[in-house]
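Structure assessment
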Amino acid sequence: AATRGPSGALHLVADLAHLLAAGAWIGALVAFVCLLRPQPDHRQTDRVLYAALSGFSGQGSALVAIIIATGIVNTWFLVGPSRLQGLWTTTYGQLLCVKLILFMGMLALAARNRFALTPAFGEALSFDRSCTASRAALRHSVLKETGLALLILALVAWLGRLAPTSALQ
């Protein structure tokens, strides 16, 4: 809403898509945390969990692509290409860079979950072996990813209180 002119609609759509994609990713993490909570007999829950993790992999990739694309659009409007060089010289820029670093951490954990931990969990399930170790590794990783998401939300709240254009001039 702050961007004027014809490009204002693009900025608004990018903001909304960014918010929806991030909300969907964080919502999925909360659901996975619930499914991964310790339970006495969790064989059936393990099957549900594996189906959910496997089913989310494609949607998760799409959400990440949307977050990256809309993040680039939003940075273009809020920071501008001419001010990228001095990004670290302002509070807004420093917080934005920390947010990006935390997001890269989330991506690394998500990739590990998708390409290493979930397949190991599925293999243990398919061979009817104990899933305790792979479940614990998944739980630990998803909790870390969720923690990073919460830190990012806190940074976004802080960034929302700063004026990016005046802060970077």
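Summary of the structure given here. Note that this is a predicted model, so its numbers are computed, not measured. (Residues numbered from 1 in each chain as written. Predicted model: local features only at pLDDT ≥ 70, side-chain atom pairs only at ≥ 80, totals over all residues. Heavy atoms only, no water.)

Details of the pattern of salt bridges
One side chain can pair with another of opposite charge once the charged atoms of both are near each other. As enumerated under the stated definition, the model contains one salt bridge in all. The residue Arg 135 makes a salt bridge to Asp 46 at a minimum N-O spacing of 2.6 Å. Separated by 89 residues along the polypeptide, Arg 135 in helix H4 (residues 132-159) and Asp 46 in helix H2 (residues 43-78) bring together distant segments of the chain. Take Arg 135: its relative accessible area is 5%, and that puts it in the buried class. With relative accessibility at 1%, the residue Asp 46 sits in the buried group. (Salt bridge = Lys/Arg side-chain N within 4 Å of Asp/Glu carboxyl O. Helix = DSSP H or I, 4+ residues; strand = E, 2+ residues; numbered from the N terminus. Buried < 20%, exposed > 50% of the residue type's maximum accessible area, 1.4 Å probe, protein only.)

Considerations on the packing of aromatic side chains
Summed over all chains, the structure comprises three aromatic pairs. Between the aromatic rings of Trp 25 and Phe 103, the centroid separation amounts to 5.9 Å while the plane-to-plane angle is 80 degrees, which identifies the pairing as edge-to-face. Remark: Phe 103 occurs in helix H3 (residues 91-126) and Trp 25 occurs in helix H1 (residues 7-35); sequence separation between them is 78 residues. When its relative accessible area of 5% is taken as the criterion, Trp 25 is described as buried. Since its relative accessible area comes to 14%, Phe 103 is described here as buried. Measuring from centroid to centroid gives 5.6 Å for Phe 32 and Phe 56, while their planes differ by 75 degrees, and the two rings are edge-to-face. Linking Phe 32 in helix H1 with Phe 56 in helix H2, this pair joins segments that are 24 residues apart in sequence. Accessibility expressed as a relative area gives 19% for Phe 56, which makes it buried. (Phe/Tyr/Trp six-rings, centres within 6.5 Å; stacked < 30°, edge-to-face > 60°.)

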